[in-house]
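One letter stands for each residue in the lines below.
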Amino acid sequence: MLLNRSERSFPRVIIIGGGFGGVEVARSLKDKEVEVLLIDRNNFHTFQPLMYQVATGTLAADAISFPIRKMFKSQQNFRFRMADVTEIDHTQKIVKTSVGDYDYDYLVIATGATSNFFGNKQVEKYALPMKSIHEALNIRSYVLQNLEEAVLRKNYHDRERFLNFVVVGGGPTGVELSGAIAEIQLHMLKKDYPELSKNEMKVYLVEGTGKILAALSEKSSQDAERYLRDLGVNVLLNAQVTGYDGNTITFSNGESIPTKTVIWGAGVMGQFPTGIHPEIIQRGNRIQTDGQCRVSGMENVYAIGDVAAMITEDTPRGLPGVAPAAQQQGAYVAKHILKNMNNQQATNFKYFDKGSMATIGRNKAVVDMGRFHMKGFLAWLTWMFVHLVSIFGFRNKLVTFVNWTIKFFTKNSGIRLIINKYKRPDVEKETELEYHS
């Protein structure tokens, strides 16, 4: 049972969101004289860096998910509620949810981000985002559904839009996803679909600027682009998407690609409940904070991770939207709360950049650590090790390692199951196509 403020022995810290930042706040408050309440709409934490492997059938969804209650089973001061947060009332210090209202002494908003379609409603309607396990499973099902549909068509003209796969966004998600789909074309297509030619299947990576992996070094960007092209990915740079009607994606230069599958990874925007002052919402729908992760004008309220915009002299564009930044902010906020309780002064948050990396496919990856750059097989091993040790739970680590080992030796992704067929919105103009008899 959760007690009201007047009945509690210790201050209550409410954390909204069970992502990397929220989990780190809760873990860092273990055995401290606070009551921790974490609220999330799901009862599990997701290891998002490997979401694309769920979308392409390398890993099952439960390999990158871990029950939140199990994660904190030995933390006596921790409680969890699965609920949707509807509103934050900072004047009364109350969080309103779908299962009741909870008062707080300190509040941490760690609600993460969702896909940003930059106001293009048509693209938003038909493109496939990938910011949750559910969305990743939709992609896995829909890719396989379109391959099944392609088998039924008599000629290439009818099959073309089912065999063109377009990934929009040249960041790590887009690069890793397009590389993984290309490996399906190279290693799996002829085995599972002998009626189809791998030359008919085409994978496109669309980036609106002049380079992919813009956050990494120039060398990593060039190496990654070369690896993608070696895999057969068509990399389209300086290509701005103007529309997608469910059958054809169009670009600002007048070109177009017939396709049933557009996967959107071109941008993110913060998501949070109502109750945040509109004047502190920054670009990308993020909540502005000061150098100590505190939300302006809201006493004892913090924002961290993808939902936060720490705009300071040192970080004029905010912090990078990566897991290490959220985790470091989470640990910092926990310490900040404890210092505040003891009337101690805190220094500003300092982000320590441990480096960036991306994998492009089997034996291919790029890693930047300061001025040090790695590529190829060694970078790939580094990428695998870092991600493997970061996954929560021994079982998840073991399952992931076994799946990666099998794929390395067989070049085969094992989870090609359509459990729940993806039903996308109806397309206004569907072309009648001939089927094989």
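Described in the following lines is the structure provided in the data block. What you see is a predicted model; the values in this text were computed from it and never measured.

### Comments concerning the overall build of the chain
Thinking step 1. Helices and strands together make up the secondary structure of the chain, namely twelve helices and 26 strands.
Thinking step 2. Taking all 437 residues of the chain together, the buried fraction comes to 52%.
Thinking step 3. In the chain, of all internal contacts separated by at least 6 residues, the share reaching a separation of at least 24 is 65%.
Thinking step 4. Surface accessibility of the chain: about 20,700 Å² in total, with carbon and sulfur atoms responsible for 51%.
Thinking step 5. Mean positive and mean negative side-chain charge positions of the chain (52 and 44 charges, respectively) differ by 6 Å.

### A word on helix H6 (residues 156-163)
Thinking step 1. Looking at H6, one finds that the buried residues are Asp158, Arg159, Phe162 and Leu163. Buried residues in H6, looked at end-on, bunch into an arc of 125 degrees, giving them a common side.
Thinking step 2. Turning to H6, the residues buried within the fold contact helix H5 (133-152), strand E12 (164-168) and strand E13 (202-206).
Thinking step 3. Near the N-terminus of H6, the side chain that reaches the backbone nitrogen of His157, with its oxygen 3.2 Å away, is that of Asn155.

### Concerning the pattern of salt bridges
Thinking step 1. Scanning all chains against the criterion turns up 18 salt bridges.
Thinking step 2. Of the charged contacts, one joins Arg416 and Asp192 as a salt bridge, the two residues approaching to 2.5 Å between their closest N and O atoms. Here the residue Arg416 occupies a position in the segment after helix H12 (394-410), and Asp192 occupies one in helix H8 (residues 189-192), the gap between them amounting to 224 residues.
Thinking step 3. Overall, the relative accessible area of 24% leaves Arg416 in the partly exposed class.
Thinking step 4. Connected through shared salt-bridge partners, Lys219, Asp223, Arg226 and Lys375 make up one network.

### Digging into a nonpolar patch on the surface
Thinking step 1. Among the surface-exposed residues, Phe394, Leu398, Phe401, Val402 and Ile406 lie close enough to one another that they form a single nonpolar patch of about 510 Å² accessible area.
Thinking step 2. Along the chain, Phe401 turns up in helix H12.

### Looking at H12
Thinking step 1. For H12, built from 17 residues, the straight-helix expectation of 24 Å at 1.5 Å per residue is met to within 8% by its first-to-last C-alpha distance of 24 Å.
Thinking step 2. The secondary structure elements touched by the buried residues of H12 are helix H2 (51-55), strand E4 (65-67), helix H7 (172-187) and helix H11 (376-390).
Thinking step 3. Phi turns positive, to about 55 degrees, at Lys411, one or two residues after H12.

Thresholds, definitions, all that
- Residues numbered from 1 in each chain as written.
- Predicted model: local features only at pLDDT ≥ 70, side-chain atom pairs only at ≥ 80, totals over all residues.
- Heavy atoms only, no water.
- Helix = DSSP H or I, 4+ residues; strand = E, 2+ residues; numbered from the N terminus.
- Buried < 20%, exposed > 50% of the residue type's maximum accessible area, 1.4 Å probe, protein only.
- Contact = heavy atoms within 4.5 Å.
- Areas by Shrake-Rupley, 256 points an atom, 1.4 Å probe, with all protein chains shown as cover.
- Lys, Arg positive; Asp, Glu negative; His and termini not counted.
- Charge placed at Lys NZ, Arg CZ, Asp CG, Glu CD.
- Arc of directions from axis to C-beta.
- Polar contact = N/O pair within 3.5 Å; in protein donor to acceptor, adjacent residues only side chain to side chain.
- Salt bridge = Lys/Arg side-chain N within 4 Å of Asp/Glu carboxyl O.
- Patch = residues over 30% accessible without salt bridge, like charges linked within 9 Å, V, L, I, M, F, W, Y side chains within 5 Å.
- Expected span 1.5 Å × (residues − 1).

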